[in-house]
Amino acid sequence: MPFDRYNRDINYLRISLTDACNLRCVYCMPENMTFRPRDELLSDDELRRLIGLFAAVGFRKIRFTGGEPTLRSALVDLVGHAARTPGIETIGLTTNGVLLADLAGPLRAAGLRSVNISLDTLDPEKFRRITRWGRLDRVLAGLDAAAQAGLRVKLNAVVSRGTNDRDDVVALARYTLKEPWQVRFIEQMPFGNNAKFQTQSMVSEDELLTVLKEAYGPLELVNHGRLDGEARLYRIAGAAGCIGFISPVSKPFCADCNRLRLTAEGILRLCLLRDNEVDLRPLLRSGADDETITACIRAAVSDKPWGHGLEEHVIPTRGMSEIGG
Ligand code: SAM
């Protein structure tokens, strides 16, 4: 079991398959964002090797993310590889859903059981504005395909003040009345050059709870408030699904953090919001044996920082899309 020095069981690895994205959400990256050349990214073989090594150390859950992970041509194959890796019990995918209509079936067949789809509004025009050119109908087709394929669905919405902080939240939450999905609202976090805007337009869990209670009446706290992953769950009376809040800014959950992140170029990130990193790519590309890389992974687990430093204004240098959100 990989325990860190605070006795947290670190068993969840989020793997970014590419820093590239087919959308340009305004709160996430600039329109003229440049992406890394292909040879700087870990190869499929390097990823397969690392998945095996992390599993051997005791990691039990893998999530593929990005950038946009569906842009990686080997995605289905990598999901299949993870599903066949002894020790890996859970595989997840975080995607904007644009390419999911064609991929949901093959991903399910490869061993994926659940998908998190990022969707900040159900208004097509606003969706285009937020993503700079995205088409909502394609995401909805992806969502539909995911549900049809039997994938467990979670929707993730980042809420920005003045953009999608009221009607959009109420409309997204309405899905839970009929569908057994989690619709989760994420507090916007500050990254790199965009930190000022992201901090100023962050909408807190408490504010959103007020909006949702006005629309739907009292919300029932699920699981006595115990977190499901990183989300605190509520249910509208009689609803099939749950509303979740992921609130790293107003209600940090660092004590429950169980994850490391691997960037697309092979950097192991020990905390989303701190710059403590270990670069695995030089080891992979200089012929290091499995024992050496495993020792490095164990040391990284042990060195995981306790928590983020947003209150002390510690802001990560990389953006969310570079780290793997
Ligand atoms: N492209 C995929 C997607 O859209 O889900 C995966 C990568 S994306 C960076 C992962 C998630 O991070 C998305 O839900 C996105 O909305 C969220 N995100 C991006 N910037 C964020 C920020 N500053 N604070 C909180 N979440 C953010």
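Above this note sits the structure.
Bear in mind the structure is a predicted one, so any value in this text is a computation, not a measurement. (Residues numbered from 1 in each chain as written. Predicted model: local features only at pLDDT ≥ 70, side-chain atom pairs only at ≥ 80, totals over all residues. Heavy atoms only, no water.)

(A) Representation of the overall build of the chain. In terms of helices and strands, the chain carries eleven helices and twelve strands. Relative to its length of 325 residues, the chain is compact, with a C-alpha radius of gyration of 19 Å against a globular reference of 20 Å. Counting all 325 residues of the chain, 56% fall into the buried class. In the chain, once contacts between residues fewer than 6 apart in sequence are set aside, the share between residues at least 24 apart is 73%. Accessible area of the chain: about 13800 Å², with a carbon and sulfur share of 50%. (Helix = DSSP H or I, 4+ residues; strand = E, 2+ residues; numbered from the N terminus. Rg over C-alpha atoms; globule rule 2.2 N^0.38 Å. Buried < 20%, exposed > 50% of the residue type's maximum accessible area, 1.4 Å probe, protein only. Contact = heavy atoms within 4.5 Å. Areas by Shrake-Rupley, 256 points an atom, 1.4 Å probe, with all protein chains shown as cover.)

(B) Examining the packing of aromatic side chains more closely. One pass over the structure, following the stated rule, counts five aromatic pairs. Seen from their ring centres, Tyr175 and Trp181 are 5.1 Å apart, and the 50° between their planes marks the pair as tilted. On the basis of relative accessibility, which here comes to 22%, the residue Tyr175 falls in the partly exposed class. Their ring planes at 40° and their centres at 6.1 Å tell us that Phe185 and Phe245 sit as a pair that is tilted. With Phe185 in strand β6 (residues 182-187) and Phe245 in strand β9 (residues 242-246), this residue pair connects regions lying 60 residues apart in the sequence. Both residues of the pair, Phe185 and Phe245, count as buried. (Phe/Tyr/Trp six-rings, centres within 6.5 Å; stacked < 30°, edge-to-face > 60°.)

(C) How the structure looks around the pairing of β6. Burial within β6 is extensive, with six of its six residues counted as buried. Along β6, one buried face is formed by Gln182, Arg184 and Ile186 and the opposite face, lined by Val183, Phe185 and Glu187, is buried too. The pairing of strand β5 (residues 152-159) with β6 spans six bridges and is parallel. Looking across to β6, one finds that Val158 is bridged to Ile186. Handedness of the crossover is the feature at issue here: the chain leaves β5, passes through helix α6 (residues 167-178), returns alongside β6, and the resulting connection is right-handed. Looking at chain direction, β6 and β9 are connected through five bridges and run parallel. Opposite Phe185, over in β9, you have Phe245 as the bridge partner. (Pairing = 2+ DSSP bridges. Right-handed = clockwise from strand over helix to strand, strands pointing away.)

(D) Seen up close, the sheet that holds strand β8 (residues 232-236). Pairing in this open sheet of twelve strands is mixed, and the strands run β7-β8-β9-β6-β5-β4-β3-β2-β1-β10-β11-β12 from one edge to the other. What marks the edges here is a single partner per strand, and that holds for β7 (219-221) and β12 (274-279). Between one strand axis and the next, the sheet turns through 25° on average, direction left out of account. Judged from the four bridges that link them, strand β2 (residues 61-65) and strand β3 (residues 90-95) form a sheet pairing that is parallel. (Axes fitted to C-alpha atoms, helices over the stretch in contact; angles between N-to-C directions.)

(E) Examining the pairing of strand β10 (residues 259-262) more closely. What you see with β10 is no split at all: Arg259 and Arg261 on one side and Leu260 and Leu262 on the other are buried throughout. Here strand β1 (residues 12-16) runs beside β10; their pairing, made up of four bridges, is parallel. Bridging across to β10, Arg14 finds its partner in Arg261. The antiparallel hairpin formed by β10 and strand β11 (residues 267-271) contains four residues in its connecting segment, where Gly266 sits at a positive phi of about 95°.

(F) Summary view of the site of the ligand. Lining the immediate surroundings of the ligand are 19 residues, of which Tyr27, Gly67, Glu68, Ser118 and Met189 lie closest. Separating a nitrogen atom of the ligand from a backbone N or O atom of Gly67 is a distance of 2.8 Å. A distance of 3.4 Å separates an oxygen atom of the ligand from a polar atom in the backbone of Thr95. In the complex, 95% of the free accessible area of the ligand, which totals 540 Å², lies under the protein chains. Those elements that place two or more of their residues in the shell around the ligand are β3 and β6. (Near = heavy atom within 4 Å. Polar contact = N/O pair within 3.5 Å; in protein donor to acceptor, adjacent residues only side chain to side chain.)

So far we have only geometry, and geometry alone does not tell us how the molecule works.
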